[in-house]
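Results of the structural survey
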Amino acid sequence: MAPASGVRKKGAAAGRLPGTRALTDALKGAWQNKQQLLTDPRHTALLGVFLCLAEVGVTHWVIQRVPYTEIDWKAYMDEVEGVLNGTYDYTQLKGETGPLVYPAGFVYIFSIFYYLTEQGSNIRLAQYIFAALYLLTLFFVFRIYVVTKKVPPYVFFFMCCASYRVHSIFLLRLFNDPVAMVILFFSINLLLQDHWNSACFFYSLAVSVKMNVLLLAPGLLYLLLCRFGLLHSIPKLCICAVLQVLLGLPFLLENPTGYLIRSFDFGRQFLFQWTVNWRFLPEFVFQHRAFHLALLTAHLATLLLFCVHRWPRSGQSLLALLKDPAQRKPSSHRLTANNNICAVLQ
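Residues numbered from 1 in each chain as written. Predicted model: local features only at pLDDT ≥ 70, side-chain atom pairs only at ≥ 80, totals over all residues. Heavy atoms only, no water.

Going by the annotation in an unreviewed UniProt entry, the name recorded for the chain is Dol-P-Man:Man(5)GlcNAc(2)-PP-Dol alpha-1,3-mannosyltransferase, with Xenopus tropicalis given as the source organism. Database annotation for the chain, UniProt heading Subcellular location (unreviewed entry): "Endoplasmic reticulum membrane". You can read under Pathway (unreviewed entry) in the UniProt record for the chain the words "Protein modification; protein glycosylation." (UniProt positions renumbered as here; feature names shortened; annotations may be inferred.)

In structure tokens:
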């Protein structure tokens with residue numbers, strides 16, 4: 001009886017072993033898949049959906065728990081209120097923080113916000129409107145990464161959920177940057193879908209909200225030349241220009257010089273108290289004209305380096321971009337999604 005019992009125990013142990021191994025293998029497989037979910041760019045869409053849903057809760061918590069900080073919102077409302085009251089001279093439009101210095105698209109969009117938020121007085125509603133803009137921006141950004149498949153998904157957690165600055169700009173400050181950015185990222189998505197006319201339209205609309213979107217213009221011009229050549233790029237560039245004229249027409253008819261100087265003022269000086277990236281500098285250095293010229297020179301030099309060394313492909317010069325694509329060498333400038341994004345954002 002004893003040996004038989006011993007045999008049964010041994011057999012039972014042996015019988016459990018395959019099941020244990022199967023369970024262990026299943027757990028290892030699940031863990032490996034979990035790692036892939038965080039590291040494999042092919043899973044960007046799935047993680048992006050999860051993070052967008054998580055951000056619904058995060059944005060609600062921030063709006064309810066973190067105090068709102070008034071900086072420019074009231075000034076925005078004062079500026080558009082002047083337009084709604086019939087003032088189209090840009091030199092006469094101003095708010096608490098100074099004159100109106102944004103193009104006409106800003107006026108139209110923030111006029112809608114003016115009516116939706118009871119003349120700007122309903123701050124909480126404005127915050128939820130900007131929360132919707134934030135979630136829409138996340139969607140467009142994630143879609144770009146889904147198409148390009150170059151960045152591991154775990155990075156996106158730090159880009160959105162763990163970013164205090166992003167939530168602050170969108171939800172606690174109500175700056176006009178979020179409006180410009182959501183339109184810009186929408187235009188980049190259109191570009192990736194090969195809808196060039198629509199992409200140019202919405203890119204120009206983003207410029208009309210805030211002038212700093214012009215920083216992406218060299219990359220967009222390069223892509224247009226790659227795709228269409230000089231002659232066929234002109235209609236696309238005209239879309240950008242005509243939209244600016246149409247949006248600014250009421251102000252151009254009233255005081256064209258005032259509108260152009262105020263809305264596209266390249267010499268405007270940023271106040272030191274609002275800077276984040278250059279806070280480590282002494283204020284007198286930040287405000288010095290030589291520092292501004294140094295930054296401009298560095299930016300132009302970087303663009304020149306990209307034009308000479310980064311953007312040309314297949315041993316051809318940039319002059320080849322001026323030709324019709326059908327007249328170029330077969331190996332010249334084949335655009336991919338990654339090429340498009342790199343060119344625009346670099």
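Next comes the rest of the write-up.
**Remarks on helix H10 (residues 217-254)**
Count 3.6 residues to each turn of an α-helix, and residues three or four apart come out pointing the same way. With 38 residues, H10 extends only 28 Å from end C-alpha to end C-alpha; this falls clearly short of the ideal 56 Å at 1.5 Å per step. Along H10, the helix axis deviates most sharply at Gly 229, where the bend reaches about 115°. (Helix = DSSP H or I, 4+ residues; strand = E, 2+ residues; numbered from the N terminus. Expected span 1.5 Å × (residues − 1). Bend = angle between axes of the 7 residues up to and from the residue.)

**Considering empty space enclosed by the protein**
Inspection of every chain in the model, using the stated rule, returns two cavities of 30 Å³ or more. Put simply, the largest cavity is a space of about 70 Å³. What lines the largest cavity is a set of ten residues, and nearest its centre among them are Ser 187, Ile 188, Leu 191, Tyr 203 and Leu 220. Elements represented by at least two residues in the lining of the largest cavity include exactly helix H8 (177-192) and helix H9 (196-207). The dominant element in the lining of the largest cavity, judged by the number of residues it contributes, is H8, at four residues. Residues of the lining of the largest cavity, tallied by class, amount to nine nonpolar, one polar and no charged. (1 Å grid on protein atoms, 1.4 Å probe; cavity = no way out; pocket = protein on both sides within 12 Å on 5 of 7 lines; lining within 4 Å. Points joined across faces, edges and corners; volume = space filled by probe spheres on them. Nonpolar A, V, L, I, M, F, W, Y, C, P; charged D, E, K, R; others polar.)

**Considering the UniProt feature "transmembrane region" (unreviewed entry) in the chain**
Following the UniProt record, one finds the feature "transmembrane region" (unreviewed entry) at residues 100-116, 128-148, 179-196, 202-225, 237-253 and 290-308. Between the end C-alpha atoms of residues 100-116 there is a gap of 21 Å, over a span that is 76% helix and 0% strand. Here residues 202-225 runs as 62% helix and 0% strand, with 19 Å between its end C-alpha atoms.

**A short note on unusual backbone geometry**
Positive phi is not limited to glycine here, since Gln 119 has a value of about 60°. Following the sequence through the fold, Gln 119 ends up in the loop between helix H4 (104-116) and helix H5 (123-148). Of note in this structure, Leu 174 is not a glycine but carries a positive phi near 55°. Look at Leu 174 and you get buried, because its relative accessible area is 0%. (Buried < 20%, exposed > 50% of the residue type's maximum accessible area, 1.4 Å probe, protein only.)

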